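What follows is the residue order along each chain.
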Amino acid sequence: MKPAVVGEAPSRLMQSIGHFTPLVFLKPELARLAGVADFDDAFDCFNVLNFWPGKEGKGDAFPMSVARQAVAKLKPSLADRPLIILLGRRVAAAWGCAH
């Protein structure tokens, strides 16, 4: 079983073209940082939300109550992973991690 990498949500662009694969634009940089040639061979990727939640201020929205409900559904499917990498403070907060 591969480690899991968990991001927030699909981007507005990816949702607009109906492409919901998590972390599409980040994979090359994450592969470089992880020291692997092919990110998909080394990690499985997930998003907390399966939709782009819209804008909020200068960034994207992340409705925490919806995210916490989504994490409650996602966590059991990742329980047997050797490692779960949470990308960002908001994902970590939805996961229940204190910072």
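Cut-offs applied
Residues numbered from 1 in each chain as written. Predicted model: local features only at pLDDT ≥ 70, side-chain atom pairs only at ≥ 80, totals over all residues. Heavy atoms only, no water. Salt bridge = Lys/Arg side-chain N within 4 Å of Asp/Glu carboxyl O. Helix = DSSP H or I, 4+ residues; strand = E, 2+ residues; numbered from the N terminus. Buried < 20%, exposed > 50% of the residue type's maximum accessible area, 1.4 Å probe, protein only. Pairing = 2+ DSSP bridges. Axes fitted to C-alpha atoms, helices over the stretch in contact; angles between N-to-C directions.

A. Structural view of the pattern of salt bridges. Throughout the structure, instances matching the rule amount to six salt bridges. Residue E8 pairs with R90 through a salt bridge whose shortest N-O separation is 2.8 Å. Residue E8 is found in the loop between β1 (4-7) and α1 (12-16), and its partner R90 is found in helix α5 (residues 89-95); the two are separated by 82 residues along the sequence. Residue E8 is classed as partly exposed on the basis of its relative accessible area, which comes to 23%. Classification of R90 by relative accessible area gives partly exposed; the value is 29%. The partner of D44 in a salt bridge is R81, and the shortest N-O contact between them spans 2.6 Å.

B. Geometry of the sheet that holds strand β5 (residues 84-86). Pairing is parallel in the open sheet, where three strands are placed in the order β2-β1-β5. Looking at the sheet topology across the chains shown, the edges are occupied by β2 (44-47) and β5. When strand polarity is set aside, the average angle formed by the axes of neighbouring strands in this sheet is 25°. Alignment of β1 against β5, held across three bridges, turns out to be parallel.

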